[in-house]
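# Descriptive structure summary
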Amino acid sequence: EKASPNAERFWTTGNHDQRFDANLAKSAPMFQGITGFSLKDHFPSWTFCMSLWVEGAERPIMIRHIPVNSGVHAGYNSALKSGVHHVSGHTHQMECKSWSDYTGHRYGVQCGTMADINQPTFDYANDAPKNWVSGFVVLTVRDNFLLTPEFVKVHKPAEYEWRGEIHRIKGYDA
């Protein structure tokens, strides 16, 4: 919000977000309706939604938490079955699969996760290897065309990869 104070902010609700409200409702139902009881109350400048349609490219871009089909082929299946560019984050994987047919070209993008994949939040994985990546995707629409999605991959808390370079956040103390 500080980096781009005039930007529109959309939050596509995911399964972990839904747990906040559900767990509070289950544990303390008498407080339902009081400000602060919902995750939305803590992020007032964001518009919460299940999915977001982005127009302006040669075909629409659908952004939502859950891919069309989960699993190892989630990006591929989203590109194949959605009929539009499809962006999701549920699998915590980072990839872009493309699909071309008689209707044109489209992407199935999995964004990774903004979280540190080794934090205690993910202890439910029981120390199993995780095919997850910390980072995010950058989408650019130019001349009514979605350019190839680009990834920003986090290597360390203050180090990230972007466009073939390793960058360090200045002034970061971990």
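Computed from a prediction, not measured in an experiment: that's the story for all the values here.

## Description of a nonpolar patch on the surface
- On the surface, a cluster of nonpolar side chains totalling about 330 Å² of accessible area is made up of Met-30, Phe-31 and Ile-34.
- Within the fold, Phe-31 resides in the loop between α1 (15-27) and β2 (47-49).

## Re the packing of aromatic side chains
- This model, assessed by the stated rule, comprises seven aromatic pairs.
- Each ring, one from Phe-122 and one from Tyr-124, has its centre 6.1 Å from the other, and the planes form 75°; the classification is edge-to-face.
- Of the residues examined, Phe-122 reaches a relative accessible area of 6% and is grouped as buried.
- Using a relative accessible area of 47% as the deciding quantity, one classes Tyr-124 as partly exposed.
- On the basis of an interplanar angle of 75° and a centroid distance of 5.0 Å, the ring pair of Phe-122 and Trp-132 is categorised as edge-to-face.

## Thoughts on the sheet that holds strand β3 (residues 51-54)
- With mixed pairing, five strands are arranged side by side in an open sheet as β3-β4-β5-β7-β6. With partners counted over all chains shown, the strands left at the sheet margins are β3 and β6 (94-101), one partner each. Strand after strand, the sheet turns through a mean of 15° between neighbouring axes, direction not considered.
- Taken together, the four bridges between β3 and strand β4 (residues 61-64) define a ladder with antiparallel strand orientation. Within β4, the residue paired with Ser-51 across the bridge is Arg-64.
- Where helix α2 (residues 74-82) meets the sheet, its contacts fall on β5 (85-88), β6 and β7 (104-111), and the angle it forms with β7 comes to roughly 145°.

## Some details on unusual backbone geometry
- Of note, the phi angle at Asp-143 is positive, near 50°, even though the residue is not glycine.
- Looking at where Asp-143 falls in the secondary structure, it is placed in the loop between β9 (141-142) and β10 (145-146).

## Brief notes about the environment of Gly-135
- Structurally, Gly-135 is set in strand β8 (residues 135-138).
- With 19 residues separating them along the chain, Gly-135 and Asp-116 place their C-alpha atoms 9.0 Å apart.
- When residues no more than four places from it in sequence are discounted, the contact partners of Gly-135 are Met-94, Cys-111, Gly-112, Thr-113, Met-114, Val-152, Lys-153 and Val-154.

What counts, and where the lines are drawn
- Residues numbered from 1 in each chain as written.
- Predicted model: local features only at pLDDT ≥ 70, side-chain atom pairs only at ≥ 80, totals over all residues.
- Heavy atoms only, no water.
- Patch = residues over 30% accessible without salt bridge, like charges linked within 9 Å, V, L, I, M, F, W, Y side chains within 5 Å.
- Areas by Shrake-Rupley, 256 points an atom, 1.4 Å probe, with all protein chains shown as cover.
- Salt bridge = Lys/Arg side-chain N within 4 Å of Asp/Glu carboxyl O.
- Helix = DSSP H or I, 4+ residues; strand = E, 2+ residues; numbered from the N terminus.
- Phe/Tyr/Trp six-rings, centres within 6.5 Å; stacked < 30°, edge-to-face > 60°.
- Buried < 20%, exposed > 50% of the residue type's maximum accessible area, 1.4 Å probe, protein only.
- Pairing = 2+ DSSP bridges.
- Axes fitted to C-alpha atoms, helices over the stretch in contact; angles between N-to-C directions.
- Contact = heavy atoms within 4.5 Å.

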